[in-house]
Amino acid sequence: MSGFSHSTRLALLAAAVLCAGFFVGLMVGMHSAPAGRWLPALRQMEKATETQIEVATAEDNDPFVPDGKVTVFRNQFYEVTICSDRYVRIKGGDGEDILSAVQLRATYGRIYDVVDEVISPGTSRLQLRCSDGLEKEDSLVLQADSFAGGLTDPLTHKTQVEAKTGDEVWVDPAPTEEFSLGSYLKEVQHSSKMKPTKFALRKEDGGDTVLKCIFRTDHSVVGAELHFAPATPTISVKTNTSYTDEVQVFEETLSLRLEVPIEEVYRKNSQMDVDRFEREYWLGTNGFLAGDGKSGLMMYHVPEVSSVRLYPDYGRADIKLDSYRDRSFMHGDGTRRVGWVRHASEFSPGCTRSNSFDLIAGCTPPLRPRLMLQPYGFLATHVWTEHTDGATLDSHRAAYFGRSDIVSPKDAVGGFVKYDIPVTKSIYYANPAYHSWSDEVALKECDEFLSYLKKLRDKGHEICIHSVYPSDSPQRSKMAEALSFMRDAFDAKSWIDHGYRDVNMSMGGYQAGLPQYVGDLWEEYGVEYFWTYSSEAVCSIWDDVNLLQTSRGDHLNTPLYWQHPSVLGDSFYVVAASLVTENAFSRYTTENLHNLVEEWGVFINHTYPPRVDHGPDTVYLSPEDGLLVTDEQFERLLFTMRRLCDRGDLYLATMREMMDYWTALECVRMRYLDCGAVKVINEGGRPIHGLSLVVEKPPGTLKVAGIRPESRVVKDQKIFWFDLDADDSVVVRLRD
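Note that the structure is predicted; figures quoted are calculated from it, not measured.

Asker: Explain the pattern of salt bridges to me, please; I cannot follow it from the model alone.
Answerer: Opposite charge on two side chains permits them to pair, given that their charged atoms come into close proximity. Under the criterion given, the structure shown has 41 salt bridges. A salt bridge links Glu304 to Arg669; the shortest N-O distance between them is 2.5 Å. Of the two residues, Glu304 sits in the loop between β20 (297-299) and β21 (307-311) while Arg669 sits in strand β40 (residues 668-672), which places them 365 residues apart along the sequence. Summarising the burial analysis for this pair, Glu304 and Arg669 share the class buried.

Structure representation (structure tokens):
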């Protein structure tokens, strides 16, 4: 550090050390993302340079780290030190180590789409959409994970490039199993783990100390600002990742090494493990408690990261700033088996991504409520989504009213309306080929169908578009007409893709520059929630009647919905679902529905109750005396669901209702008060009705804003719920 005085060098050294310590403390506090998805903040900016860091830093050969150990921050809750190995340690108020290291793990690579619809065992030649960048002897993974639960159970095969001609490649060894349903080659080009390289420090006017820490990867600069307050155990962190070149991100992770044992795991289904921990957890939006009291470290509900993965036996928590395993997105090209796999984030030079989270160090809040996945104290959720293929006006009436000759909801003898079970019902806006009662019905040509749909709307059903037409792609003007009508008549916010029409989400309707682009129209007319072919990557009903699949273990990535930070931006959400075919209907047993409740699970189906183009006798409908009536097994299922709902166990909702609730939960913040109470804040712009939380059954009386809320006790857990207005807050506390 030539050119600096001795005192200046010491000051710079102390500042750098303090910054590094703060950074580690921040990382320890990282929270998980909600149900597998986060709110990305993407923008173009100038290429990041060192001059953007406010405080000058050392050269690489002068890392501003002391030979020994230096305390860089201390308050009544925790102490931060930094060691010569550039690891930051956090000690609790009792002097015990809480956290001993934080690293950034980053994996970048390339996805190469395989054009072949089916790759048979022993096939070594693969036709790729584009093979630019592949060279002989490159190591690859052949993978298929885009449909039928593949996200949680991908089919993989390790191989390498043997030869290449144009976009044809030969791989060795050849796969030993059949690959289909959106296969691709995955190449990991860079994978590394690292410590922070540069630091900066500043004091805020309000008294907070802010540490800025920089990680450098092969393709990005990751900066993190850690906010330390003198009188609180909360450490707030904001990270900004700036990309320096074209890159596909497989994963960027902050990995924390914990020095205190895991005490509580706040599982993805809102239940809690306190002993007999699994070896690995995907926590989604939730978190954990390590240690206790003055040696406690807690993280919970921070939706602005991708997810959190916990390894209790190893004392490691991985906070995913970005992970392609937390979402699925496939751009189809006209067949179900071939597509453009876009799971990984795709960034260009100058693009950035922002994340944020909190942690609580050196203090264990005595009251630790957890957010439930469903409102009003229900334990589990079921959503029916109807794809309207092959349905007539008669079959629609039969599925909802119980018989095809019934025209009024008040006369229903069966079906969804009799049992008061709401459905997200998709429809065709128009069908120019419609001529008779036997044709696929659309509201534009049939006034009776429109009247029927309005009656369902008034009964709480959600009406949305499946496609403008049953076949063929509409002109842009027709799409605008349809969306405008659906907004005005049904306040439609959801969309269910139909087949391989060009103008839908699966086939590129989201992407500006393509002829079929209608993303601006979706945004203009308020469409946000989408079923696409990528929706079904999370779960197959043959694996579980529960999208969370907790019966298979908590290690599976099972997001209930997601955005894509670089492909879809922050306007559109993909909603997870599972296909229920005719032969899979048998999975809807009373036992499996009870298991769904027991596991506090969520199931969103994709099915066809009114469909009769393959014949009138289905698992949903049967012919009787020249009419269509609901089948007995369908009636038994609806009866069971209604009974579970009436008991307060199974919440029956539409796709929009659940998405509105889940996205509202992202705006909920909890502030743990010195008095042992918790302030629950709604930072969103709309009220949350039936906001539901759960705690271990408390010894005293639980009150919300001084009033005893509605509540129920389930085993040793107390669930309580209340309404919370937009931009409002309440205090939850225990009274003896």
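Now, onward.
Asker: Can you help me understand the side chain of Asn592 in this one?
Answerer: As for its placement among the helices and strands, Asn592 is situated in helix α7 (residues 590-598). Taking relative accessible area as the criterion, Asn592 reaches 16% and is therefore assigned buried. Separated by 2.8 Å, the side chain of Asn592 and the backbone oxygen of Arg587 make a polar contact.

Asker: Is there a simple way to think about the pairing of strand β38 (residues 627-630) in this case?
Answerer: Consecutive side chains along a regular strand alternate between the two faces of the sheet. One ladder, built from four bridges, connects strand β37 (residues 621-624) with β38; its direction is antiparallel. The residue bridging Leu621 from the neighbouring strand is Thr630, located in β38. As consecutive antiparallel partners, β37 and β38 are separated by two residues, and within that stretch Asp625 has a phi angle of approximately 55 degrees, a positive value.

Asker: Explain the nonpolar core to me, please; I cannot follow it from the model alone.
Answerer: It is characteristic of soluble globular proteins that their nonpolar side chains tend to be buried jointly. One finds Trp384, Trp662 and Leu691 to be the most contacted residues of the largest nonpolar core, which totals 140 residues. Ranked by size, the runner-up nonpolar core spans 44 residues in total, among them Val102, Val265, Val308 and Phe357.

Asker: Would you take a moment to explain α7 for this structure?
Answerer: Count 3.6 residues to each turn of an α-helix, and residues three or four apart come out pointing the same way. Residues of α7 that are buried: Asn592, Leu593, Leu596 and Val597. Each buried residue of α7 sits inside an arc of 150 degrees when the element is viewed along its axis, so together they form one side. Where α7 is buried, its residues touch β28 (380-386), β36 (602-606), α8 (632-646) and β39 (650-653). One or two steps after α7, the chain reaches Trp600, where phi turns positive at roughly 55 degrees.

Asker: Where do I start with the environment of Ser426 in this structure?
Answerer: Looking at the secondary structure, you find Ser426 in strand β29 (residues 423-428). Judged by relative accessible area, Ser426 falls into the buried class, the value being 0%. Along the primary structure Ser426 and Ile496 are separated by 70 residues, whereas in three dimensions their C-alpha atoms are 6.6 Å apart. Among the polar contacts listed, one links the side chain of Ser426 to the backbone nitrogen of Thr388, at a separation of 3.3 Å.

Asker: Would you take a moment to explain the sheet that holds β40 for this structure?
Answerer: Pairing between sheet strands relies on hydrogen bonds along the backbone, with the strands arranged either parallel or antiparallel. Spatially, the four strands line up as an open sheet ordered β40-β41-β46-β43, and their pairing is antiparallel. At either margin of the open sheet sits one strand with a lone partner, and together these are β40 and β43 (701-704). On average, adjacent strands in this sheet sit at an angle of 20 degrees to one another, irrespective of strand direction. Taken together, the five bridges between strand β41 (residues 678-682) and strand β46 (residues 728-735) define a ladder with antiparallel strand orientation. Bridge pairing in β46 links Val680 to Val730.

Asker: How should I be thinking about the sheet that holds strand β44 (residues 710-714) in this particular structure?
Answerer: Across the sheet, which stays open at both edges, the four strands sit in the order β27-β42-β45-β44 with antiparallel pairing between neighbours. Of all strands in the sheet, those with a lone pairing partner are β27 (370-371) and β44, marking the two edges. As defined by bridge partners, β27 adjoins strand β42 (residues 688-696) across two bridges and the pair is classed as antiparallel. Bridge pairing in β42 places Arg370 opposite Val694. Along the sheet, helix α9 (residues 655-665) makes contact with β27 and β42, crossing β42 at roughly 60 degrees.

Reading the values: the criteria
Every chain is numbered independently, its residues counted from 1 as its sequence is written. Two thresholds apply to this predicted model, a pLDDT of at least 70 for residue-level local features and 80 or more for giving and counting side-chain atom pairs, whereas whole-chain, interface and lining totals are computed over all residues. The basis for every side-chain value is the complete set of heavy atoms in the structure, and neither hydrogens nor water enter the calculation. The term salt bridge refers to a side-chain nitrogen of Lys or Arg lying within 4 Å of a carboxyl oxygen of Asp or Glu. A run of DSSP states H or I qualifies as a helix once it reaches four residues; a run of E qualifies as a strand once it reaches two. Both are numbered from the N-terminal end. Only protein chains enter the calculation, and the probe is 1.4 Å; a residue is then buried if its accessible area is under 20% of its type maximum, exposed if over 50%, and partly exposed in between. Identification of polar contacts relies on pairs of N or O atoms within 3.5 Å, with a donor-acceptor requirement for protein atoms, meaning one able to donate a hydrogen and the other able to accept it, and with residues adjacent in sequence counted only if both atoms are side-chain atoms. If DSSP finds at least two bridges between two strands, the strands pair. Among buried residues, the Ala, Val, Leu, Ile, Met, Phe, Trp, Tyr and Cys ones that are joined through side-chain atoms within 4.5 Å form a nonpolar core. Directions pointing from the helix axis toward each C-beta atom define the arc. In what follows, residue pairs with any heavy atoms lying within 4.5 Å of each other are defined as contacts. Fitted lines through C-alpha atoms serve as axes, helices being fitted only where they are in contact, and the angles separating the N-to-C directions of these axes extend from 0 to 180 degrees.

Function cannot be inferred from these measures alone, as they are strictly geometric.
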